[in-house]
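A structural walkthrough
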Amino acid sequence: MKSKGHLYFSAFLLVISGYVIFTASRWSFKTGFFPLAAAIPLLVLVLIHLYLELFAPAEVSKGPAVEAEFSDEVAPDIARRRVITIFSWIAAFILFVYLIGFPLTVPLFIFCYLKFQSDVTWLSTITLTAISWGFFYTLFQRLVYIQFEAGVIPTWLGL
Amino acid sequence: MFDAFIDGLFLVLQWKAFALMLVGMGLGFCVGLLPGIGGAATLALMIPFVFKMNPAEAFAFLLGMHSVAATTGDITSILFGVPGEGLSAATVVDGYPMAKNGEAGRALGAALMSSLVGALIGALALALAIPIVRPLVLTFGSPELFMLSMIGIACITSLSGLSVRGQIRGFAMGLLGLLLSTIGQERQSGSLRFDMGLMYLWEGLDLVPVLVGIFAIPELVDLAVRGTSIAGDRPAENLSRGVMEGIKDTFRHFWLVFRCSAVGVFVGIMPGAGGGVAQWMAYAHAVQSAKDSKDRERFGKGDVRGVLGPGAANNSKEGGDLVPTIAFGVPGSGAMAILLGGFMIMGLVPGPDMLSKHLAVTYSMVWTLVIANIITVVLSLAVLNQLAKVTYIRGGLIIPFVLLLVFVGSYTANGHLADLIVTFCFGVLGYLMVLWGWPRPPLVLGLVLGKLVETYLFISVSRYGFAWLAHPLVLFLIALMAVVIVYPFVREKPAWAGGGE
């Protein structure tokens, strides 16, 4: 998986560096110098990396990068399903912020996640939703005065 | 001078100044826990409240708040993998894995104690540096600051795998970070770069949504996939013992904590270097301190040294930041630029007067840093046991609240829906990077340092042509950079000779 991933990511970086070189080479020296100074070595490094991945023997891991690793305790198909589920929840959160604004999305999201995803009891769900909404309202809206966008639906309705 | 030093202490201990410092600390504690709303933003919000205070009260209030936010920012980084302050992301790299390993108490104890030691060293540096800082700061022009930034970039060697492909991946990520830093308006000519026609990108990518997305979202996804608590099914840690162990770790690795604090002070003193740089350089230095590849492999998977280094640097930087702010009116960071506003409101002019006429006020700042950090750490230690229990709560109950913190924190960066989209995109990128083994820290380092590198490079070339490359200090810094790059390989030599790539 990691080896395939290296190829995918290299391809992604190849596209990015190619795009930057193509775009920045048409700019003035002052504007384009720094992006080119980063993109050209990036392109070279990615090409070397691709060559090594495709034609060189498998890597012997010595002194791996300083980086976390995901747990492998869950079966891959279940893990994949859960990844899609959580990213869907996150995307839905953003979509609802866009549609109905932060103040309404917060209790709605907490309620729905606790009830339908985490299968928490009704009483706990309602209590936790109320607490989180109270915390959000008191801290961010009353104390820190953060101006949250209203969302397109309330704006459209003139609320 | 000694009289002023003591007078400074009494200024802070006056009941009104002390009470205001406690109020500021309370605010800083809450703000530090919330991702996105950094100490700088809170300083800006609180500046209007200092109009009726005298200088000692105002600085006790503002600095008490700011220094505490730097300390408590590490708490959410460790417990949830969400950088409490946008720039305290380096603590996440080893702090959160420690929590996942059932060592949340130890990580928190280490973070708090190293923060305290760092803060004390920062305050001491501030007190000692005041008479001697002028020649140091004036020695560092743009070429030297450019080389310092390049040393930061060179730290990528330490953060990447030591194999050929590991180094390529690390440097590729660093270069991607540099490229991301070029998004937005170019500072010299004002031209727009890679803005995709979006006004949101004119100012470039804000660090908070990027850092929160790239570090917090992958951890949340992993938590959702595991379906357990953050600490998993590991037996509950003896929290008191864990916290105590973390405190002992600070003194076990005291020399490392001291060196990382020195890194923080130095980066703080250099105007414009920013807080994130100090943390990442300290983290890279902590990794460099590994004895061999076996020892090094523990970083990123929950090594306490990866918490101690950034924790110390994050707080020592505060003392360093104040040095150029007080001595020259040149702010060392965004937060210090806001604090300068406080100076103006108080009718104080940073510069020679602060080192002569108002020396007691200057020393009151040193004392505020010391006292606020001691009180915070003592109070935090009292509640750490309860905080660490959070890592044993079922993931399904934690995720929606952490997601809320993540997105509200990101939103506060610019108050724009696009902040959430940036967080999401970098969350996906961070997830794929972890999944496929591409390191995230070099990308962050490139992004944090990119603007500085470009700015200082242009000023150096415009001012000196290429003659700056022959400046003695630049040559010294080039040699130092070479040492930073080569050092991990030299330490690794026996392993490489024994059949590496």
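Analysis parameters
- Within each chain, residue numbers correspond to sequence positions counted from 1 in written order.
- By the order in which they are written, chains take letters starting at A while ligands take numbers starting at 1.
- Residue-level local features of this predicted model are given only where pLDDT is at least 70; pairs of side-chain atoms are given and counted only at 80 or more, and the full residue set underlies all totals for whole chains, interfaces and linings.
- Side-chain measures were taken over the full set of non-hydrogen atoms in the model, leaving aside hydrogen atoms and water.
- Per the convention used, a helix needs a DSSP run of H or I reaching at least four residues, while a strand needs a run of E reaching at least two, with both numbered from the N terminus.
- A simple rule labels every residue: compare its accessible area, found with a 1.4 Å probe on the protein chains alone, to the largest value its type can have, and call it buried under 20%, exposed over 50%, or partly exposed in between.
- By definition, residues are in contact when any of their heavy atoms lie within 4.5 Å.
- All accessible-area figures derive from a Shrake-Rupley calculation using a 1.4 Å probe, and residue coverage is judged against the displayed protein chains alone.
- When we talk radius of gyration, it's over C-alpha atoms, and the globule rule is simply 2.2 Å times the number of residues to the 0.38.
- Charged residues are defined here as Lys and Arg on the positive side and Asp and Glu on the negative side; His and the ends of the chain fall outside this count.
- A charged residue contributes its charge at one atom only: NZ of Lys, CZ of Arg, CG of Asp or CD of Glu.
- Two N or O atoms form a polar contact when they lie within 3.5 Å of each other; inside protein one atom must be a possible hydrogen donor and the other a possible acceptor, and for residues adjacent in sequence the pair counts only when both atoms belong to side chains.
- Lines are fitted to the C-alpha atoms to define the axes, a helix being fitted only along its stretch in contact, and any angle between axes, read from their N-to-C directions, falls within 0 to 180 degrees.
- Throughout, the term roughly parallel applies to angles under 35 degrees, roughly antiparallel to angles over 145, roughly perpendicular to angles from 65 to 115, and oblique to all others.
- Handedness of a crossing is defined here by the sense of rotation of the near helix relative to the far one, left-handed for an anticlockwise turn of less than a right angle and right-handed for a clockwise turn.
- Three categories are distinguished: nonpolar for Ala, Val, Leu, Ile, Met, Phe, Trp, Tyr, Cys and Pro, charged for Asp, Glu, Lys and Arg, and polar for the others, with Gly belonging to the last.
- By convention, a stacked pair of Phe, Tyr or Trp rings (six-membered ring in the case of Trp) has centres within 6.5 Å and planes under 30 degrees apart, an edge-to-face pair has planes over 60 apart, and any other such pair is tilted.
- To sit over a ring, a charge needs its Lys NZ or Arg CZ within 6 Å of the ring centre and within 35 degrees of the ring normal.
- Accessible area, probed at 1.4 Å, shrinks when two parts are joined; the buried area is that loss added up over both.
- For salt bridges, the criterion is a side-chain nitrogen of Lys or Arg within 4 Å of an Asp or Glu carboxyl oxygen.
- Grouping buried Ala, Val, Leu, Ile, Met, Phe, Trp, Tyr and Cys residues that are joined through side-chain atoms within 4.5 Å yields what is termed a nonpolar core.
- Where each domain begins and ends follows an automated or database-derived domain assignment.
- For every residue, the predictor assigns a confidence score, pLDDT, that lies between 0 and 100.
- What a helix should span is 1.5 Å times the count of its residues minus one.
- By definition, the arc is the one covered by directions from the helix axis to the C-beta atoms.

Once that is clear, we can look at the overall build of chain B. The helix and strand tally for chain B stands at 22 helices and 2 strands. Within the span of chain B, comprising 501 residues, buried residues form 65% of the whole. Put simply, 79% of the contacts in chain B that link residues at least 6 apart link residues at least 24 apart. Roughly 16400 Å² of accessible area belongs to chain B as shown, and the carbon and sulfur atoms make up 71% of that amount.

Here we take up the overall build of chain A. Helix and strand content of chain A: 6 helices and 0 strands. Start at the N end of chain A and walk to the C end: the helices and strands fall as α-α-α-α-α-α. Radius of gyration (C-alpha) of chain A: 24 Å, far over the 15 Å computed for a compact globule of 159 residues. With the C-alpha coordinates of chain A rotated into their principal frame, the extents come out at 60 × 50 × 25 Å. If you take every contact in chain A between residues at least 6 apart in sequence, the share linking residues at least 24 apart comes to 53%. In the structure as shown, chain A presents an accessible area of about 9300 Å², 70% of it carried by carbon and sulfur atoms. Measuring between centres, the 10 positive side-chain charges of chain A sit 8 Å from its 9 negative side-chain charges.

Residue and element names in this part refer to chain B. You can see R305 is positioned in helix α16 (residues 305-328). On the basis of relative accessible area, R305 is assigned to the buried category, the value being 8%. Polar side-chain contacts of R305 include one of 2.7 Å to the side chain of D303. R305 has contacts with H253, L256, A286, S289, A290, D295, R298, F299 and P310, leaving out every residue within four places of it along the chain.

As a packed pair, helix α3 (residues 76-100) of chain A and helix α11 (residues 207-226) of chain B sit with axes 9 Å apart at the nearest point and diverge in direction by 130°. Considering the angle they form, α3 of chain A stands oblique to α11 of chain B. At the point where α3 of chain A passes α11 of chain B, the crossing takes the right-handed sense. Facing α3 of chain A, whose interface residues are A79, R82, V83, I86, F87 and I90 of chain A, α11 of chain B presents I217, V221, A224, V225 and R226 of chain B. Across the contact of α3 of chain A with α11 of chain B, the residue classes tally to 9 nonpolar, no polar and 2 charged.

Positive phi, close to 55°, is recorded for D119 of chain A, a residue that is not glycine. Topologically, D119 of chain A is positioned in the loop between α4 (102-117) and α5 (122-143). In the Ramachandran plot, F194 of chain B falls in the positive-phi region, its phi being about 50° despite a non-glycine side chain.

Another aspect to go through is the packing of aromatic side chains. In this structure the tally under the stated criterion is 30 aromatic pairs over all chains. Residues F93 of chain A and F109 of chain A carry aromatic rings whose centres are separated by 4.9 Å and whose planes lie at 75° to one another, so their mutual orientation is edge-to-face. Of this pair, F93 of chain A sits in helix α3 while F109 of chain A sits in helix α4, and the two are 16 residues apart along the sequence. Here F93 of chain A and F109 of chain A have matching classes, each one buried. Through successive ring pairs, a cluster of aromatic residues spans W89, F93, F102, F109, Y113, F136 and F148 of chain A together with F407 and Y411 of chain B. When the ring centre of W438 of chain B is taken as reference, the NZ or CZ atom of R169 of chain B above it lies at 5.9 Å.

Frequently, the measure chosen for interface size is the accessible area that the parts lose on association. Tallying the contact residues gives 75 residues for chain A and 89 residues for chain B. Interface area, chain A with chain B, both sides summed: about 7300 Å², of which 76% is carbon and sulfur. For the interface between chain A and chain B, the tally reads 2 salt bridges. Across the pair R165 of chain B and E53 of chain A runs a salt bridge whose closest N-O atoms are separated by 3.4 Å. For the pair chain A and chain B, the number of links is 12 residue pairs in polar contact (both at pLDDT 80 or more). The residue makeup of the side of chain A that touches chain B, split by class, is 54 nonpolar, 11 polar and 10 charged.

This next bit is on the nonpolar core. Ranked by internal contacts, the top residues of the largest apolar core, which has 194 residues, are F102 of chain A together with F407 of chain B. Ranked by residues supplied to this core, first place goes to helix α6 (residues 104-129) of chain B with 14 residues. Membership of the second largest hydrophobic core comes to 11 residues, among which are M21, V68, W367 and I371 of chain B.

Once that is clear, we can look at the domain arrangement of chain A. By the assigned domains, chain A splits into domain 1 (4-55) and domain 2 (76-157). Once you take the C-alpha centre of each, domain 1 of chain A and domain 2 of chain A turn out to be 39 Å apart.

Take the confidence of the model for chain A next. The predicted model of chain A averages 87 in pLDDT, with 91% of residues at 70 or higher. Within chain A, the element-level pLDDT minimum falls on α5 of chain A, averaging 87, and the maximum on α3 of chain A, averaging 93.

Once that is clear, we can look at the side chain of S118 of chain A. Note that S118 of chain A resides in the loop between α4 and α5. Under the relative-accessibility criterion, S118 of chain A is labelled buried at 6%.

The next thing to look at is the packing of helix α2 (residues 15-33) of chain B against helix α4 (residues 55-80) of chain B. Residue and element names in this part refer to chain B. The interhelical angle for the contact between α2 and α4, taken along N-to-C directions, is 30°, at an axis separation of 6 Å. By the angle between their directions, the pair α2 and α4 is classed as roughly parallel. In this structure, α2 crosses over α4, and the sense of that crossing is right-handed. From α2, K16, A17, L20, M21, V23, G24, M25, L27, G28, F29, G32 and L33 reach across to α4, where they touch A56, E57, A60, F61, G64, M65, V68, A69, T72, G73, I75 and T76. Across the contact of α2 with α4, the residue classes break down as 15 nonpolar, 7 polar and 2 charged.

With that settled, consider the pattern of salt bridges. All names here are of chain B. Scanning all chains against the criterion turns up 13 salt bridges over all chains. As a salt-bridge pair, E219 and R440 come within 3.9 Å of each other at their nearest N and O atoms. Of this pair, E219 sits in helix α11 while R440 sits in the loop between α20 (417-436) and α21 (441-464), placing them 221 residues apart in sequence. Overlapping salt bridges bring together K100, E219, D222, R226 and R440 as one network.

Looking now at helix α5 (residues 90-100) of chain B. Residue and element names in this part refer to chain B. Judged by how many residues are buried, α5 sits mostly within the fold: 11 of 11 residues are covered. Residues of α5 that are buried include every one of A90, T91, V92, V93, D94, G95, Y96, P97, M98, A99 and K100, and no others. In the stretch just after α5, G102 is the one whose phi turns positive, near 80°.

All names here are of chain B. On average, chain B scores 81 in pLDDT, and the residues at 70 or more come to 89%. In this model, residues 495-501 is a region of pLDDT below 50 whose contacts with residues beyond four sequence positions or in other chains number 13 contacts. Model confidence for the complex is summarised by a pTM of 0.80, with the ipTM given as 0.92.

Another aspect to go through is α2 of chain B. Residues and elements named next belong to chain B. The end-to-end C-alpha distance of α2, which contains 19 residues, comes to 27 Å, matching closely the 27 Å that a straight helix rising 1.5 Å per residue would cover. Those residues of α2 that sit buried are A17, L20, M21, G24, M25, G28, V31 and G32. Along the long axis of α2, the arc covered by the buried residues comes to 150°, so they all point the same way.

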